[in-house]
Amino acid sequence: MEIVYVYVKKRSEFGKQCNFSDRQAELNIDIPPNPKLAEQFVERNPVDTGIQCSTSMSEHEANTERFEMESRGINHIEGGWPKDVNPLELEQTIRFRKKVEKDENYINAVLQLGSIMEHCIKQNNAIDIYQEYFDDEDAVEVTDEAPSAKTINVFRDPQEIKRPATHVSWHPDGNRKLAVAYSCLNFQRAPEGMSNESYIWDLENPNRPEITLKPSSPLVTLEYNPKDSHVLLAGCYNGQIACWDTRKGSLVAELSTIEFSHRDPVYGTIWLQSKTGTECFSASTDGQVMWWDIRKLSEPTEVLIMDITKKEHLENALGAISLEFESTLPTKFMVGTEQGVVISCNRKGKTPAEKIVCTFSGHHGPIYALQRNPFYPKNFLTVGDWTARIWSEDSRESSIMWTKYHMAYLTDGAWSPVRPAVFFTTKMDGTLDIWDFVFKQCDPALSLKVCDEALFCLRVQDNGCFIACGSQLGTTTLLEVSNGLCTLQRNEKNTASAIFERETRREKILEARHREMRLKEKGKAEGRDDELRDEPPVLNLEELVTKAEEEFFDIIFMELKKKEAEAMKKQPKSLKQPNQDTDEEVQGEEEAEEERGDGEGEGGGSGESPALGGGGRGRPTCIQGGAAGTSHILLCGVSCDGPLTAGGRREPQNCLMKFTGLFRDNPSDTGVPLHVRRWAARASSPPALSPDTWRRHRASDTSLSLGAWSTHGNMRLPAAARETRRVGRMDGQRTGQPMRMARAGGRQGARAPAGRMQSRA
């Protein structure tokens, strides 16, 4: 028998050729036993040691033979008839049966086999060998082993110019093959001579691809048909849709026309659940979703523009970069866009505007992965920018769960098909993260560095044990996860469902609260608009100032007059006459000052410091240099009620002018009122106030007038102030003399009787 061995590897890839020859056995070394050495050892009994016939080596390689399996069927027909008996003739077969049944050997054989057959039948009636004893029990809880994963195989791009692996698809029958699409997505930066080919790999043979797919443009996506494993659907970089049948070879079987295809690269292709198994749909960054039938790819059967304004303008459409379709929801599908918005659509809508149901906004960049949870289709996973988010269809304003913001950009993600609480994500730094939010929510349960370059795509096998990751250099790594990550845990479905429902309720409460706050703010804004609308037109500002000034002085005058009348009633008659004479003297001096004009300031021209006061003619004055109790009494409501000195001056105690003078000498004094500090600090030069400005400041900000007038004792009193100044004697409470109104002169040198305080407004 001839033995043929086919080497898969090249001759240069394995070791030196072995040349065998027959020879006699030889003794290399012989060490005789030494009984003295036995004393150095302690006997161990019993001894358990594992041995093998082959020699133990530190390193060993073997190139095993590869067997190809073949399935063949056998067709059994009725046989065992003699050559002279035709089995098709009924009479001949009946005649032969009767002849055999009369034979003694046949009777003995049947009786002997009958007892054995009877025993087997009774045994089958007693025990059901096909009964499942443990089918109703829950899955066995896996031991608390640490999550882990290991590399099974690596499939490298055989081309010299490496291209990124942009999409991976598992073979639907047995998952024995892997289809990988290779394409350079850098616009107009593809190197010269770069191949357009994509490959189908056999998991057991990573050395060379099993089938080579040769498209006219590089493939961005590649998907197996779940109903026919020989048919593959692909989206090209130039926007065309291509279809392959592996039974017909490597060339394209069907190709869409460029005029009716996408205008941008096709980033998503999905097979639809249909009776024929030939319907599919695609999405591209040109903002269109197209439905196709591979039996006629000349034009799409339906087109939907992703314009969320529902105006069907292609220039306003959002670029689609990921698709999601669940076979249990045949009319619903979802689209992830470049703008970070997920669009939920319903194909049952009569118009294109009705087909766009709602949107979910939450990402800052393109959504590279979009997939519904296989156990709870109402919840879906999105991967974009630096986070992965879990959404609920009941909460549209915000996601219900999300991962932390990573340092590296996320590129793809997928749910585990066997565990509802596990999902996988890939990152630009070559890391694969495995999340289990039942076990840990803040950090991944396992983070594995797959390669040094960026990972671009990810696909999980149907049994959840194997993961295929495609990298930037075209390397597809096959990983196997530990049993704990691919085996359903006890009560995991109930726990995951409770977590989803709890987070959804929390988001609904927050949404209701935010909605209520927005309505309140909107109501307040509308109320303010109504108030502004109902307000009467604004009057002239000068008229309002004049009116307020008149009312102010009228109130002050009435109060002073009232207090003077009360003081006059209490004053003795003997003191009445001298006071009247003093009033006439004061009035005469005031008239003489008015005739002199505005040549002199309010503090007089005696040359003394305004801060020291001290009128040249002995009139009691305050620190600011004016007549005692003049204008500031009406402005601040305090009086110069200090004791009368020997020189006829009155030392102010609680007068605002005292604070101002002290602040000028000692600016750090904290006892000075704040408004006096402010205006004393800014009053380094006397302000030139016109009568209108003076009135406006008096009506709007009294502190401004106080600061201006009290800080500068030598400032001229405006004409508007001279017209309204009034003199009042307000120290009657201390001296027992009546309070009286009189017209007082503004000159500092005039003398006033003791016990009187003048006030100038």
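Residues numbered from 1 in each chain as written. Predicted model: local features only at pLDDT ≥ 70, side-chain atom pairs only at ≥ 80, totals over all residues. Heavy atoms only, no water.

With that settled, the discussion passes to the overall build of the protein chain. When you go through the protein chain residue by residue, the secondary structure sums to 14 helices and 30 strands. For the protein chain, the proportion of contacts with a sequence separation of at least 24, taken over those separated by at least 6, is 54%. A total of about 46100 Å² of accessible surface is found on the protein chain, and carbon and sulfur atoms cover 51% of it. (Helix = DSSP H or I, 4+ residues; strand = E, 2+ residues; numbered from the N terminus. Contact = heavy atoms within 4.5 Å. Areas by Shrake-Rupley, 256 points an atom, 1.4 Å probe, with all protein chains shown as cover.)

Turning our attention to helix H2 (residues 104–126). Helix length check: H2 (23 residues) gives 34 Å between terminal C-alpha atoms against 33 Å at 1.5 Å per residue, within 8%. At the N-terminal end of H2, a side-chain oxygen is found 3.5 Å from the backbone nitrogen of Asn 105, two or three residues along, and the residue is Asp 103. (Expected span 1.5 Å × (residues − 1). Polar contact = N/O pair within 3.5 Å; in protein donor to acceptor, adjacent residues only side chain to side chain.)

So, on to the sheet that holds strand S23 (residues 422–427). Reading across the sheet, the four strands line up as S22-S23-S24-S25 and stay open at both edges, with antiparallel pairing between neighbours. Each edge of the open sheet is held by one strand with a lone partner, namely strand S22 (410–415) and strand S25 (446–449). Taken over all neighbouring pairs, the strand axes of this sheet differ in orientation by 15° on average, direction set aside. Summarising the sheet, strand S24 (residues 431–436) and S25 pair through four bridges and their orientation is antiparallel. Looking across to S25, one finds that Ile 434 is bridged to Leu 446. (Pairing = 2+ DSSP bridges. Axes fitted to C-alpha atoms, helices over the stretch in contact; angles between N-to-C directions.)

What follows is about the state of the cysteines. Scanning the entire structure with this criterion turns up zero disulfides. Of the cysteine sulfurs around Cys 243, a residue in no disulfide, the closest is that of Cys 280, at 7.7 Å. Overall, Cys 243 belongs to the buried group, its relative accessible area being 5%. Here Cys 469 is not cross-linked by a disulfide; its sulfur's nearest cysteine counterpart is in Cys 457, at 7.7 Å. (Disulfide = S-S within 2.5 Å. Buried < 20%, exposed > 50% of the residue type's maximum accessible area, 1.4 Å probe, protein only.)

This part takes up the sheet that holds strand S1 (residues 149–155). Two pairing modes exist for strands in a sheet, parallel and antiparallel, and in both the strands are linked by backbone hydrogen bonds. Here we have four strands laid out as an open sheet, ordered S1-S28-S27-S26, and antiparallel in their pairing. Each edge of the sheet is formed by a strand with only one pairing partner; in this case those strands are S1 and strand S26 (455–460). Across the sheet, the mean angle separating the axes of adjacent strands is 25° when strand polarity is ignored. In this structure, S1 lies alongside strand S28 (residues 476–481), joined through six bridges in antiparallel fashion. Its bridge partner being in S28, Thr 151 is matched across the sheet by Leu 479.

With that settled, the discussion passes to the side chain of Asp 202. Note on placement: Asp 202 falls in strand S4 (residues 198–202). Once residues within four sequence positions are removed from consideration, Asp 202 is found in contact with Arg 66, Phe 155, Arg 176 and Glu 210.

As a further point, take the side chain of Ser 471. Structurally, Ser 471 is set in strand S27 (residues 466–471). Here Ser 471 falls in the buried class, since its relative accessible area comes to 0%. Within the structure, the side chain of Ser 471 is placed 3.1 Å from the side chain of Glu 453, a separation counted as a polar contact.

Inspection of the entire model under this criterion finds 22 salt bridges. Note that Arg 506 is salt-bridged to Glu 503, the shortest N-O span being 3.0 Å. With Arg 506 and Glu 503 both in helix H5 (residues 492–534) and three residues apart, this pair spans about one turn of that helix. With a relative accessible area of 34%, Arg 506 lands in the partly exposed category. (Salt bridge = Lys/Arg side-chain N within 4 Å of Asp/Glu carboxyl O.)

To continue, consider unusual backbone geometry. Following Asn 45, the chain continues to Pro 46 via a peptide bond in cis, the omega torsion being 0°. You can see Pro 46 is positioned in the segment before helix H1 (90–101). We note that Lys 310 has phi near 60°; this positive angle belongs to a residue other than glycine. Here the phi dihedral of Asn 491 falls at roughly 60°; this positive angle occurs in a residue that is not glycine. Mapped onto the secondary structure, Asn 491 falls in the loop between helix H4 (483–486) and H5. Using a relative accessible area of 47% as the deciding quantity, one classes Asn 491 as partly exposed.

Regular strands show a simple pattern: their side chains alternate between the two faces of the sheet. As paired strands, S26 and S27 are joined by five bridges and run antiparallel to one another. In the strand pairing of S27, Cys 457 is matched with Gly 470.

For the structure on display, the rule yields 18 aromatic pairs. When the centroid spacing of 6.1 Å and the interplanar angle of 75° are considered together, the rings of Phe 281 and Phe 325 count as edge-to-face. Residue Phe 281 is located in strand S11 (residues 279–284), and its partner Phe 325 is located in strand S14 (residues 320–325); the two are separated by 44 residues in the primary sequence. (Phe/Tyr/Trp six-rings, centres within 6.5 Å; stacked < 30°, edge-to-face > 60°.)

When pLDDT is averaged across the protein chain, the result is 75; 71% of the residues are at 70 or more. Low pLDDT (under 50) marks residues 574–583, which in the prediction has 13 contacts with non-local residues, meaning those over four places away or in another chain. Low pLDDT, under 50, characterises residues 697–761; the predicted model gives this stretch 219 contacts beyond four residues in sequence or across chains. (pLDDT = per-residue confidence, 0-100.)

We now examine a nonpolar patch on the surface. Taken together, the side chains of Ile 127, Ile 129, Tyr 130, Tyr 133 and Phe 134 define a hydrophobic patch exposed on the protein surface, amounting to about 680 Å² of accessible area. The topology assignment puts Tyr 133 in the loop between H2 and S1. (Patch = residues over 30% accessible without salt bridge, like charges linked within 9 Å, V, L, I, M, F, W, Y side chains within 5 Å.)

The next subject is the pairing of S22. Counting buried residues along S22, six of its six residues qualify, which places the element largely inside the surrounding structure. Between the end of S22 and the start of S23, which pair antiparallel, lie six residues.

Right, let's get into the environment of Ser 115. Mapped onto the elements, Ser 115 comes out in helix H2. The exposure class of Ser 115 is partly exposed, given its relative accessible area of 45%. Here the side chain of Ser 115 touches Gln 112 through a polar contact of 3.1 Å, landing on its backbone oxygen.

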